[in-house]
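A closer look at the structure
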Amino acid sequence: MSESTLSAPGPAGRGGIIKTAAISALAGNLFLAILKIGFGISSGSLAVLGDGMDSSVDVLIALMSLLVSVVISRPADAGHPWGHGRAETVATAVLSFILFFAGAQLILNAILSFFSGSIREVPAREALYITVVSIAGKLVLAWSQYLFSKKAASAMLRANAKNMAADVIISLGVLGGLGLSLFFKNGAIDSAAAILVGCWVIKSAVGIFIEANAELMDGGSGTASYRAIFDAVHSVAGAGRPHRARMRRIAGFWDIDMDIEVDPNLTVYEAHRIASQVERAIKERVEGVYDIMIHVEPAGNKENEGFGLCEDTVNGDYEPQNVEK
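About the criteria used
- Residues numbered from 1 in each chain as written.
- Predicted model: local features only at pLDDT ≥ 70, side-chain atom pairs only at ≥ 80, totals over all residues.
- Heavy atoms only, no water.
- Helix = DSSP H or I, 4+ residues; strand = E, 2+ residues; numbered from the N terminus.
- Buried < 20%, exposed > 50% of the residue type's maximum accessible area, 1.4 Å probe, protein only.
- Contact = heavy atoms within 4.5 Å.
- Areas by Shrake-Rupley, 256 points an atom, 1.4 Å probe, with all protein chains shown as cover.
- 1 Å grid on protein atoms, 1.4 Å probe; cavity = no way out; pocket = protein on both sides within 12 Å on 5 of 7 lines; lining within 4 Å.
- Points joined across faces, edges and corners; volume = space filled by probe spheres on them.
- Pairing = 2+ DSSP bridges.
- Polar contact = N/O pair within 3.5 Å; in protein donor to acceptor, adjacent residues only side chain to side chain.
- Expected span 1.5 Å × (residues − 1).
- Patch = residues over 30% accessible without salt bridge, like charges linked within 9 Å, V, L, I, M, F, W, Y side chains within 5 Å.
- Salt bridge = Lys/Arg side-chain N within 4 Å of Asp/Glu carboxyl O.
- Core = buried A, V, L, I, M, F, W, Y, C linked by side-chain atoms within 4.5 Å.
- pLDDT = per-residue confidence, 0-100.

Take the overall build of the chain next. Helix and strand content of the chain: nine helices and four strands. Counting from the amino terminus, helix and strand elements in the chain follow one another as β-α-α-α-α-α-α-α-β-β-α-β-α. Counting all 325 residues of the chain, 46% fall into the buried class. Taking the contacts inside the chain whose residues are at least 6 apart along the sequence as the reference set, 77% of them involve residues at least 24 apart. Put simply, the chain shows about 15,700 Å² of open surface, and 65% of that area lies on carbon and sulfur atoms.

Take empty space enclosed by the protein next. For the structure on display, the rule yields one cavity of 30 Å³ or more. Roughly 40 Å³ of internal volume is contained in the largest cavity. Around the largest cavity, the lining residues are Gly50, Met53, Asp54, Ala102, Gly103, Leu106 and Val201.

Right, let's get into the pairing of strand S4 (residues 289–298). Sheet analysis places strand S3 (residues 253–262) next to S4, joined by nine bridges and oriented parallel. Across the sheet, the residue bridging to methionine 258 is isoleucine 294, located in S4.

This paragraph deals with the side chain of lysine 36. Along the chain, the position of lysine 36 falls in helix H1 (residues 11–43). Here serine 134 takes part through its side chain, which lies 3.0 Å from a polar atom of the side chain of lysine 36. Those residues in contact with lysine 36, other than ones at most four positions away along the chain, are Val48, Leu49, Asp51, Gly52, Ser55, Ile130, Ser134, Lys138 and Ser171.

It is worth spelling out helix H8 (residues 268–285) at this point. Here H8 contains 18 residues, and its C-alpha end-to-end distance of 26 Å stays within 8% of the 26 Å for a straight helix at 1.5 Å per residue. Inspection of H8 places Ala271, Ile274, Ala275, Ser276, Val278, Glu279, Ala281 and Ile282 among the buried residues, and these make up the whole buried set.

The subject of this paragraph is a nonpolar patch on the surface. Where nonpolar side chains cluster on the molecular surface, the patch consists of Phe97, Phe100, Phe101, Val206, Phe209 and Ile210 and spans about 580 Å² of accessible area. Only helix H3 (86–115) and helix H6 (188–216) provide two or more residues apiece to the nonpolar patch. Looking at the element boundaries, phenylalanine 209 is found in helix H6. Phenylalanine 209 gets classed as partly exposed once you look at its relative accessible area, which sits at 33%.

Attention now goes to unusual backbone geometry. The residue arginine 241 is not glycine, and still its phi comes out positive at about 40°. Locating arginine 241 in the fold gives a position in strand S2 (residues 240–250). Of the residues examined, arginine 241 reaches a relative accessible area of 30% and is grouped as partly exposed. Even without being glycine, arginine 244 reaches a positive phi, approximately 50°.

Further remarks concern the nonpolar core. Counting 32 residues, the largest nonpolar core has Leu95, Leu99, Val174, Leu178 and Val197 as the members making the most contacts within it. Apart from the residues lying within four places of it in its own chain, the contact partners of leucine 95 are Ile61, Met64 and Ile208. Ile229, Ala239, Trp254 and Ala275 belong to the second largest nonpolar core, which has 25 residues in total.

For a regular strand, side-chain orientation follows a simple rule: the groups alternate between the two sheet faces. Judged by how many residues are buried, S2 sits mostly within the fold: eight of 11 residues are covered. Here seven bridges tie S2 to S3, and the two strands are oriented antiparallel to one another. Paired with arginine 249 across the two strands is tryptophan 254, which belongs to S3.

Residue position: leucine 63 is located in helix H2 (residues 46–72). Distance in space between the C-alpha atoms of leucine 63 and alanine 22 is 7.0 Å, their sequence separation being 41 residues.

As a further point, take the pattern of salt bridges. Per the stated rule, a full pass over the model turns up three salt bridges. Aspartate 259 serves as the salt-bridge partner of arginine 244, at 2.8 Å between the closest nitrogen and oxygen. A residue pair is termed long-range when its members are at least 10 positions apart, and arginine 244 in strand S2 and aspartate 259 in strand S3 qualify at 15 residues. By relative accessible area, arginine 244 is classed as buried at 17%. The salt bridge involving arginine 248 is made with aspartate 255; its shortest N-O contact spans 3.0 Å. Judged by relative accessible area, which is 3%, aspartate 255 ranks as buried.

What follows concerns helix H4 (residues 126–152). Helix length check: H4, at 27 residues, gives a terminal C-alpha distance of 39 Å against a target of 39 Å (1.5 Å per residue), a fit within 8%. Once H4 ends, the next one or two residues include alanine 153, with phi positive near 50°.

Another aspect to go through is the environment of isoleucine 23. Tracing the chain through its elements places isoleucine 23 in helix H1. Placed 39 residues apart in sequence, isoleucine 23 and alanine 62 show a C-alpha to C-alpha distance of 6.9 Å.

Mean pLDDT over the chain stands at 76; residues scoring 70 or higher make up 80%. Here strand S1 (residues 2–5) is the element of the chain with the lowest mean pLDDT, 41, and H8 is the one with the highest, 92. Taken as a whole, residues 1–8 scores under 50 in pLDDT and shows 25 contacts with residues more than four places along the chain or in a different chain. Every residue in residues 317–325 scores below 50 in pLDDT, and together they form 16 contacts with partners more than four places removed in sequence or on other chains.

What follows is the structure, encoded as structure tokens:
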């Protein structure tokens, strides 16, 4: 049996990157939230006010990210032998719920404004200028969060970058609604734009939750990833019949377990050497490997453990590449 662990970026390093990203997101979104909520109220634009509420949610997300950066920096302990990386995944799921309810509240408020019986006033022109500033600010924040997510290999930061990119589209929708509202002198168009903004927020929330849930349920790896590790086994002389393979994500990194068969007459040292070669071959084909555990069995062992995947399970007509006989 052999084991290998990724050394960089370590939990402390990732925590520092996430902390920096969270602070920058907190400062930027706090500024935009105050700006849009203030001018949304003063200009009478429900869409701009809703956009400001969305930025307020982003402030909460940044605060949550700061907390997560502290948690995931803690080393593994007896209670958490795999470390604390899943705290990031849990936070991502929580983020999706916050976004969902923010979007639903915005839709509800806009619908109520339609049926209130009161005539919606046309928003002030200043709301247009604030929305343009919001678009520029969100573009900068989305790009910075994307760069931080690549550096830290962070699913949470990647989700936050997607959320901020969606915010740009939201603000563009608000801008279009404001323009039409001012052009036609009809305040109801602003409320309609607010409903569309809310629907987009909910769509983003559902997408983020599906991605986080796949990681929490140890799924979503896809057949291509399993093909890669099976090819890695066949590229190593002496390693055969990869089976009981399991891949799962831990905070954006792969945790891989797999059984292989070797000649039963090999020494423990020789079997270990083959397993180590398999590990290196996997790392050459799969990016972001956190940990690999290879279990060695004697060739001819047909015991069925009842879980994990083999080549036939992934694809019945799968043909391994670079096989060494």
